[in-house]
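Observations on the three-dimensional arrangement
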Amino acid sequence: MFKAIVASEADGKQSVEIKALTDADLPDHDVLVQVDYSTLNYKDGMALTGAAPVISRFPMVPGIDLAGTVLESANDAWKPGDKVVVNGWGLSERHWGGYSQRQRVSPDWLVALPDAFSTRQAMAIGTAGYTAMLCVLRLEKLGVVPDGGPVLVTGASGGVGSIAISLLSKLGYEIVAATGRTREAAYLKTLGASEVIDRATLAEKGPPMAKEQWQGAVDAAGSRTLVNVLAGIKYGGVVAATGLAHGHDLPGSMFPFILRNVTLSGVDSVMQPRAVRHEAWMRLAEDLDPSKLESTVTEVALAEVLNIAPDILSGKVRGRTIVNVNA
């Protein structure tokens, strides 16, 4: 027997509780993993609270990522004792996820954990940090360079934003952090931000073209915030967009694209091929400062997840929240 958080639905209403399961309850996949840690992300908050229809089938074990050790494998690519991480692939939506002490997963979803990281550190990074690395890789590949001017990071106090700042700082970029919690300015500067601005300056309707301020941006907000970010990007600049904390709409203008040659590049973390995932995790091992990573982390037990899930939706959670599923 082992513990898991299970979401169920009856009469159109969702309920979530901790249940005792056995291996026989787990999905029919080829690799059995002893899970050490999972995380709490914005998407997890939506799934746990039912604030958005993230879960497409019930019953569901939420948790969009996990890290642990292979116990059994029917696939030659993996063997007992391998340290592995899973991000995305529809966990918590179509497939059972990380809020369980044991989980069966497809061998195609697994990435070997770099030797530089423990399973705890892997989930301190989690989907948020992996997504941040994907955004940095996208900026690099589209020509954003350390000596080209400031890079803006929105949602800076959140998981993606915090790790994006840490990564960009290590790589030598000048970083402007936008946050709704300006009281966190000192924390963001310890991560590497040179300037902290109030997200309210980007949240209201603005002109279709504004003063050129940033050569690039990592945006976790969407909606009007993203529109205003695009309006302030320098000629030839790039925005890596990966979130919708402000909203999923994009009520903007074509002017930045056709007058300033700006690139808006979407970054998905769920369905990236294994080669890209491997590249991202190897770069995290090279470019992420472990001391800065730890400063972003709050650890909670599995039983605490249900109580704090609403906090991440209301912007009360700073940095990364890791879930010790065995505590």
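I will try to describe carefully the structure that is included in this document. (Residues numbered from 1 in each chain as written. Predicted model: local features only at pLDDT ≥ 70, side-chain atom pairs only at ≥ 80, totals over all residues. Heavy atoms only, no water.)

**Quick look at the overall build of the protein**
Across its full length, the protein holds ten helices and 15 strands. For 327 residues, the compact-globule estimate of 2.2 N^0.38 gives 20 Å, and the C-alpha radius of gyration of the protein, at 20 Å, lies within 12% of that figure. For the protein, contacts bridging at least 24 residues in sequence account for 71% of all contacts bridging at least 6. Carbon and sulfur atoms form 51% of the exposed surface of the protein, whose accessible area is close to 13400 Å². (Helix = DSSP H or I, 4+ residues; strand = E, 2+ residues; numbered from the N terminus. Rg over C-alpha atoms; globule rule 2.2 N^0.38 Å. Contact = heavy atoms within 4.5 Å. Areas by Shrake-Rupley, 256 points an atom, 1.4 Å probe, with all protein chains shown as cover.)

**Considerations on the sheet that holds strand E8 (residues 151–153)**
Taken together, six strands build an open sheet; the order of strands is E10-E9-E8-E11-E12-E13 and the sheet is parallel. Unpaired on one side and paired on the other, strand E10 (195–198) and strand E13 (263–266) mark the two borders of the sheet. This sheet shows a mean twist of 20° between the axes of neighbouring strands, independent of strand direction. Bridge count between E8 and strand E9 (residues 175–179): three bridges; the pairing is parallel. Bridge pairing in E9 links Val153 to Ala177. (Pairing = 2+ DSSP bridges. Axes fitted to C-alpha atoms, helices over the stretch in contact; angles between N-to-C directions.)

**Overview of the pattern of salt bridges**
For the structure on display, the rule yields ten salt bridges. Asp23 is the partner of Arg102 in a salt bridge, and the nearest nitrogen-oxygen pair spans 2.8 Å. Highlighted residues: Arg102 in strand E6 (residues 102–105) and Asp23 in the loop between strand E2 (13–21) and strand E3 (31–40), separated in sequence by 79 residues. Judged by its relative accessible area of 25%, Asp23 falls in the partly exposed class. Measuring nitrogen to oxygen at the nearest pair gives 2.9 Å for the salt bridge that ties Arg283 to Glu140. With a gap of 143 residues between them, Arg283 in helix H8 (residues 274–287) and Glu140 in helix H2 (residues 119–141) connect regions that are remote in the sequence. Residue class for Arg283 comes out buried when judged on its relative accessible area of 17%. On the accessibility criterion, Glu140 (28% relative accessible area) is partly exposed. Sharing partners across several salt bridges, the network here consists of Arg120, Glu294 and Glu299. (Salt bridge = Lys/Arg side-chain N within 4 Å of Asp/Glu carboxyl O. Buried < 20%, exposed > 50% of the residue type's maximum accessible area, 1.4 Å probe, protein only.)

**Quick word on a nonpolar patch on the surface**
There is a patch of nonpolar side chains on the surface, built from Met254, Phe255, Ile258 and Leu259 and spanning about 420 Å² of accessible area. Within the secondary structure, Phe255 sits in helix H7 (residues 255–259). (Patch = residues over 30% accessible without salt bridge, like charges linked within 9 Å, V, L, I, M, F, W, Y side chains within 5 Å.)

**Focus: the side chain of Thr69**
Locating Thr69 in the fold gives a position in strand E4 (residues 65–73). Residue class for Thr69 comes out buried when judged on its relative accessible area of 15%. Polar contacts involving the side chain of Thr69 include one to the side chain of Lys83, which spans 2.8 Å. Setting aside residues no more than four positions away along its own chain, Thr69 makes contact with Leu32, Val33, Gln34, Asp36, Gly81, Asp82 and Lys83. (Polar contact = N/O pair within 3.5 Å; in protein donor to acceptor, adjacent residues only side chain to side chain.)

**Regarding the packing of H2 against H8**
Closest axis-to-axis distance for the H2/H8 pair is 9 Å, and the angle between their directions is 100°. Accordingly, the angle class assigned to the pair H2 and H8 is roughly perpendicular. Facing H2, whose interface residues are Ala122, Ile125, Gly126, Gly129, Tyr130, Met133, Leu134, Leu137, Glu140 and Lys141, H8 presents Val276, Arg277, Glu279, Ala280, Trp281, Arg283, Leu284 and Asp287. Considering only residue class, the contact of H2 with H8 consists of ten nonpolar, two polar and six charged. (Parallel < 35°, antiparallel > 145°, perpendicular 65-115°, else oblique. Nonpolar A, V, L, I, M, F, W, Y, C, P; charged D, E, K, R; others polar.)

**Some details on helix H3 (residues 159–170)**
Over its twelve residues, H3 extends 17 Å from the first C-alpha to the last, a length consistent with the 16 Å expected when each residue adds 1.5 Å. With respect to burial, H3 is a largely interior element, ten of its twelve residues being buried. Positive backbone phi, approximately 95°, marks Gly172, located one or two places after H3. (Expected span 1.5 Å × (residues − 1).)

**Some words on unusual backbone geometry**
Between Phe58 and Pro59 the backbone carries a cis peptide bond, its omega angle lying at -5°. Structurally, Pro59 is set in the loop between helix H1 (42–49) and E4. Positive phi values are uncommon outside glycine, yet Trp89 reaches one of about 60°. Position of Trp89 relative to the elements: it lies in the loop between strand E5 (83–87) and E6. Of note in the backbone geometry, Ser92 takes a positive phi value of approximately 80° without being a glycine. By the secondary structure assignment, Ser92 is in the loop between E5 and E6.

**Overview of the packing of aromatic side chains**
Counting across every chain of the model gives one aromatic pair. Aromatic pair Phe117 and Trp281: ring centres 6.2 Å apart, planes at 75°, arrangement edge-to-face. In this pair, Phe117 is assigned in the loop between strand E7 (111–112) and H2 and Trp281 in helix H8, connecting sequence segments 164 residues apart. When sorted by exposure, Phe117 lands in the same class as Trp281, which is buried. (Phe/Tyr/Trp six-rings, centres within 6.5 Å; stacked < 30°, edge-to-face > 60°.)

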